[in-house]
Amino acid sequence: MTDDAYLFLLTEPATPLGAPPAAVGEPACMETPAVRAWLDAQGVTATSPRLRMVPPEETAAIPEDAERLPVPLGDEELSRLRQHTGPEAVARVEKELLAYRDCTDGRDALLGRALAAGVPLNRVVELTGEDPAAVAAAAR
């Protein structure tokens, strides 16, 4: 195990590994010449969805073929990173997904009722953020 956290690039962006640097706040290491040069060499920005960060104890999980760079983090930054990458973070997101599912139960019926009541399709889209095609399909 190393004492440094690692920045790395996911080869498969859908892989749920690590956390984006922005989740840690604005880590001081992101402004260092070494990190900036590494990002430039990789052809990515600090906001790339492929750019992830893991704490020292999780570096073994980084895929072997992933481009990586060790970075020092302060105690506060490391604490925030651990909050976003630990099992508690997964549990928190799963809880949010369950709440979302509860909120979307009956979604199509609600969209259909809104349209039947005379709420214009564009207003339903504006209020819900749903795709216009999905709203129209719910009215059928």
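Nothing here was measured: the structure is a model prediction, and the numbers come from that model.

What counts as what
Residues numbered from 1 in each chain as written. Predicted model: local features only at pLDDT ≥ 70, side-chain atom pairs only at ≥ 80, totals over all residues. Heavy atoms only, no water. Core = buried A, V, L, I, M, F, W, Y, C linked by side-chain atoms within 4.5 Å. Buried < 20%, exposed > 50% of the residue type's maximum accessible area, 1.4 Å probe, protein only. Helix = DSSP H or I, 4+ residues; strand = E, 2+ residues; numbered from the N terminus. Contact = heavy atoms within 4.5 Å. 1 Å grid on protein atoms, 1.4 Å probe; cavity = no way out; pocket = protein on both sides within 12 Å on 5 of 7 lines; lining within 4 Å. Points joined across faces, edges and corners; volume = space filled by probe spheres on them. Nonpolar A, V, L, I, M, F, W, Y, C, P; charged D, E, K, R; others polar. Axes fitted to C-alpha atoms, helices over the stretch in contact; angles between N-to-C directions. Parallel < 35°, antiparallel > 145°, perpendicular 65-115°, else oblique. Left-handed = near helix turned anticlockwise from the far one by under 90°. Polar contact = N/O pair within 3.5 Å; in protein donor to acceptor, adjacent residues only side chain to side chain. Pairing = 2+ DSSP bridges. Salt bridge = Lys/Arg side-chain N within 4 Å of Asp/Glu carboxyl O.

Okay, the nonpolar core next. Residues Leu 7, Met 30, Met 53, Val 71 and Leu 81 are the most contacted members of the largest nonpolar core, which totals 18 residues. Among the elements of the structure, strand 1 (5–9), helix 1 (33–42), strand 2 (51–54), strand 3 (68–71) and helix 2 (75–85) are those that each provide at least two residues to this core. Other than its neighbours up to four places away in sequence, Leu 7 contacts Pro 21, Met 30, Val 35, Trp 38, Leu 51, Arg 52, Met 53, Glu 67, Arg 68, Leu 69 and Val 71. Phe 8, Leu 17, Ile 62 and Ala 66 belong to the second largest nonpolar core, which has seven residues in total.

There is about 240 Å³ of room inside the second largest pocket. For the second largest pocket, the full set of lining residues is Pro 21, Ala 22, Gly 25, Glu 26, Pro 27, Met 30, Glu 31, Arg 36, Leu 39, Asp 40, Ala 46 and Thr 47. Its residues assigned to classes, the lining of the second largest pocket shows six nonpolar, two polar and four charged.

Let us now look at the packing of helix 4 (residues 107–116) against helix 5 (residues 121–128). Relative orientation of the contacting elements helix 4 and helix 5 amounts to 140 degrees, with a least axis distance of 9 Å. What the angle tells us is that helix 4 and helix 5 run oblique. Once helix 4 is placed against helix 5, the crossing between them reads as right-handed. Across from Leu 111, Ala 114 and Leu 115 in helix 4, the residues of helix 5 making contact are Leu 121, Val 124 and Thr 128.

Mapped onto the elements of the fold, Arg 52 is located in strand 2. The contacts of Arg 52, once residues within four sequence positions are left out, are Tyr 6, Leu 7, Phe 8, Leu 10, Leu 17, Gly 18, Ala 19, Pro 20 and Pro 21. Looking at Arg 52, its side chain comes within polar contact range of the main-chain oxygen of Leu 17, at 2.9 Å. Of note is the side chain of Arg 52, whose polar atom sits 2.9 Å from the backbone oxygen of Gly 18.

It is worth spelling out the pairing of strand 3 at this point. Side chains Leu 69 and Val 71 project from strand 3 onto a buried face, and the interleaved Arg 68 and Pro 70 project onto a face without burial. Bridge count between strand 1 and strand 3: four bridges; the pairing is antiparallel. Opposite Phe 8, over in strand 3, you have Arg 68 as the bridge partner.

This part is about the pattern of salt bridges. The tally for this structure, following the rule as stated, stands at six salt bridges. As a salt-bridge pair, Arg 36 and Glu 31 come within 3.3 Å of each other at their nearest N and O atoms. The class of Arg 36 is partly exposed, set by a relative accessible area of 45%. Taken together, the shared-partner salt bridges in this structure form one network comprising Arg 107, Asp 108 and Glu 130.

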